[in-house]
Amino acid sequence: MINDYPQALTIAGTDSGGGAGIPADIKTMQMRGVYSAMVVVAVTAQNTLGVQDALPMPEKLIDEQFASIADDLKIRACKTGMLADPIRVRAVVRNLKKYDLGPLIVDPVMVAKGGAKLLSDDAIAIVRDELIPLASLVTPNIPEACELTGIAIKDKNDIKKAARELQKRGAKNILIKGGHAEDSDKADDYILFEDGNDMWLTAPRVDTKNTHGTGDTISACITAEIAKGHFMEQAIMIGKTYVEKTISKGINVGHGHGPLNHWVKIEGDELK
């Protein structure tokens, strides 16, 4: 049968070092048994030490990539990552409204692990006001949640407030990642579901600098699981387990913030 295999789409920027962005998304989806297509929004010169340069794609080429994919593939879920600037964000929003690409997971990438800005200030408002309302799930880390909501997050109550604010802005489900709260030996992620239920996911913090691409990886894994037909809670749980193992069973590549080990498998998992 044509298009009977689960397919997902990543809409983001490249990482020439291979650890984050589209390369991380494709590696993750491949390991989770899902065929991955891509819309390249920007190209970066990047490695484990940082981002040296970046070039946004022409708006027309972004439109043509979407049209090519929609004309041939059956995308069951999609995700966004680095979107560069207002022109590119609006191009992505326009195409997401035009084509049926399944549930949307928004990873609001703003700053690279090495500190380089990956989303211009004037694009943040467009992500907040035009992209997030389209999302089935939005996956900010704590600094990104602060930026998107204007809430200064200092404790768990503030995290909950930020999640509710993002839901008010249209996102159905919220996952606020706690990896940036470095005053704890555990990483606490908060999930607010569409029906109002919520939960915390806690994992031991791994003492490593090899965490480049963590946000891309968990959002890509969740996207892949949604493409396979899993419900949101199950997809998030699998994503959390997968990214924990990519960090804890790490590899050493490069001289800076190294990449995750995307080859890991979840014990007992048969990719169903």
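Attention here is on the structure that accompanies the text. In this text the structure is predicted, and so the values were computed from the model without any measurement.

Criteria and cut-off values
- Residues numbered from 1 in each chain as written.
- Predicted model: local features only at pLDDT ≥ 70, side-chain atom pairs only at ≥ 80, totals over all residues.
- Heavy atoms only, no water.
- Helix = DSSP H or I, 4+ residues; strand = E, 2+ residues; numbered from the N terminus.
- Contact = heavy atoms within 4.5 Å.
- Salt bridge = Lys/Arg side-chain N within 4 Å of Asp/Glu carboxyl O.
- Buried < 20%, exposed > 50% of the residue type's maximum accessible area, 1.4 Å probe, protein only.
- Pairing = 2+ DSSP bridges.
- Axes fitted to C-alpha atoms, helices over the stretch in contact; angles between N-to-C directions.
- Right-handed = clockwise from strand over helix to strand, strands pointing away.
- Arc of directions from axis to C-beta.
- Polar contact = N/O pair within 3.5 Å; in protein donor to acceptor, adjacent residues only side chain to side chain.
- Core = buried A, V, L, I, M, F, W, Y, C linked by side-chain atoms within 4.5 Å.
- Parallel < 35°, antiparallel > 145°, perpendicular 65-115°, else oblique.
- Left-handed = near helix turned anticlockwise from the far one by under 90°.
- Nonpolar A, V, L, I, M, F, W, Y, C, P; charged D, E, K, R; others polar.

Mapped onto the elements, Val-138 comes out in strand E6 (residues 137-138). Along the sequence, Val-138 and Asp-15 sit 123 residues apart, while their C-alpha atoms lie 22 Å from each other. Other than its neighbours up to four places away in sequence, Val-138 contacts Val-106, Pro-108, Ile-132, Leu-166, Ala-171, Asn-173, Ile-174 and Leu-175.

Our next topic: the pattern of salt bridges. Inspection of every chain in the model, using the stated rule, returns 14 salt bridges. Note that Lys-79 and Asp-25 form a salt bridge whose closest N and O atoms lie 2.9 Å from each other. One end of the pair, Lys-79, is in strand E4 (residues 77-80); the other, Asp-25, is in helix H1 (residues 21-31), and 54 residues separate them in sequence. Classification of Lys-79 by relative accessible area gives buried; the value is 0%. The shortest N-O distance in the salt bridge between Asp-85 and Arg-88 comes to 2.8 Å. Across this residue pair, the class does not change: Asp-85 and Arg-88 are buried.

All right, on to the sheet that holds strand E8 (residues 186-192) then. In a beta sheet, neighbouring strands pair by backbone hydrogen bonds and run either parallel or antiparallel. In space, the nine strands of this open sheet follow the order E3-E2-E1-E4-E5-E6-E7-E8-E9, with mixed pairing throughout. Where the open sheet ends on each side, the last strands, each with one partner, are strand E3 (50-56) and strand E9 (198-204). The pairing of strand E1 (residues 7-13) with strand E2 (residues 35-47) spans seven bridges and is classified as parallel. Looking at the pairing, Gln-7 lines up with Tyr-35 of E2. Running over the sheet, helix H6 (residues 156-168) touches E6, strand E7 (173-176), E8 and E9 and is turned about 35° from E8.

Before going further, it helps to spend a moment on the pairing of E4. Burial along E4 is two-sided: Ala-77 and Lys-79 facing one way and Cys-78 and Thr-80 facing the other are all buried. Sheet topology note: the E1/E4 ladder contains four bridges and is parallel. Paired with Ala-8 across the strands is Ala-77, a residue of E4. Strand direction decides the pairing type here: E4 and strand E5 (residues 104-106), joined by three bridges, are parallel. Bridging across to E5, Thr-80 finds its partner in Val-106. As a crossover connection, the stretch from E4 through helix H3 (residues 86-98) into E5 is right-handed.

Burial in helix H5 (residues 142-149) covers these residues: Ile-142, Glu-144, Ala-145, Leu-148 and Thr-149. Buried residues of H5 fall within an arc of 160° about the axis and therefore sit on the same side. Contact partners of the buried residues in H5: helix H4 (121-131), H6 and E7. Sitting at the amino-terminal end of H5 is Asn-141, which places a side-chain oxygen 2.9 Å from the backbone nitrogen of Glu-144. Two residues or fewer past H5, Gly-150 is found with a positive phi of approximately 80°.

A general feature of soluble globular proteins is that nonpolar side chains tend to end up buried together. Membership of the largest hydrophobic core comes to 47 residues, with the highest contact counts inside it found for Leu-9, Ile-11, Phe-66 and Leu-96. What Leu-96 contacts, discounting residues up to four positions off in sequence, is Ile-11, Phe-66, Cys-78, Thr-80, Leu-101, Leu-104, Leu-131 and Leu-134.

As a further point, take the packing of H1 against helix H7 (residues 214-227). A packed helix pair is summarised by two numbers, namely the angle formed by the two axes and the spacing between the axes. Running from amino to carboxyl end, H1 crosses H7 at an angle of 40°, the nearest separation of the two axes being 8 Å. Relative to H7, H1 is oriented oblique. Note on packing geometry: the crossing formed by H1 with H7 is right-handed. For the pair formed by H1 and H7, the contact residues are Gly-21, Ala-24, Asp-25, Thr-28 and Met-29 on the first element and Asp-216, Thr-217, Ala-220, Cys-221, Thr-223 and Ala-224 on the second. Residue composition of the contact of H1 with H7, grouped by class: five nonpolar, four polar and two charged.

From the geometry alone we can't say anything about function, so treat these as descriptive.
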